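# Structural characterization, general
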Amino acid sequence: YCLGGWSLGGVIALEMATQMKLLNESIETVVLIDSHCIEQAKHEVEIYSPVVSPRFDVTFVEFVKKQHIYSQQLLSSYCYNFYDGPVVLIKALGD
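To start, this report covers the structure provided alongside it. (Residues numbered from 1 in each chain as written. Predicted model: local features only at pLDDT ≥ 70, side-chain atom pairs only at ≥ 80, totals over all residues. Heavy atoms only, no water.)

## Remarks on the pattern of salt bridges
Pairing is possible between side chains that carry opposite charge, provided their charged atoms lie close to one another. A full pass over the atoms with the stated rule returns two salt bridges. The salt bridge involving Lys-21 is made with Asp-84; its shortest N-O contact spans 2.7 Å. Separated by 63 residues along the polypeptide, Lys-21 in helix H1 (residues 8–22) and Asp-84 in the loop between helix H3 (58–76) and strand E3 (87–90) bring together distant segments of the chain. Asp-84 sits in the exposed class, given a relative accessible area of 56%. Glu-62 is paired through a salt bridge with Lys-65; the nearest N and O atoms lie 3.6 Å apart. (Salt bridge = Lys/Arg side-chain N within 4 Å of Asp/Glu carboxyl O. Helix = DSSP H or I, 4+ residues; strand = E, 2+ residues; numbered from the N terminus. Buried < 20%, exposed > 50% of the residue type's maximum accessible area, 1.4 Å probe, protein only.)

## As for the sheet that holds strand E1 (residues 2–6)
Reading across the sheet, the three strands line up as E1-E2-E3 and stay open at both edges, with parallel pairing between neighbours. Two strands lie at the open edges of the sheet, namely E1 and E3, each paired on one side alone. Between one strand and the next, the sheet's axes are offset by a mean angle of 15°, whatever the strand orientation. Relative to E3, strand E2 (residues 29–33) runs parallel, the two being bridged by four bridges. Bridging across to E3, Ile-33 finds its partner in Ile-90. (Pairing = 2+ DSSP bridges. Axes fitted to C-alpha atoms, helices over the stretch in contact; angles between N-to-C directions.)

Read these as layout, nothing more, since geometry by itself doesn't imply function.
Right, dumping it as structure tokens:
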């Protein structure tokens with residue numbers, strides 16, 4: 001298997017790989033795209049109010065902010081199990 005995920009999905013893919021390995025499944029690699037490491041997720045993340053593009057209405061921006069907060073809450077209570085297989089981390093470049 002080759003597993004991967006973006007953001008919280010990357011953490012979920014890593015957990016899936018850990019559990020699948022316990023079942024003797026073969027994992028080729030796990031690809032994490034802009035996923036946060038677990039230690040970082042336990043710290044409060046500042047939620048900012050971006051300038052809203054005309055493409056997005058305020059309702060959409062509020063939805064995204066709520067989802068971000070919910071994802072951070074999930075990550076802060078997640079008990080990480082070490083995965084010893086190959087992992088590729090793809091991170092976006094900052095400004």
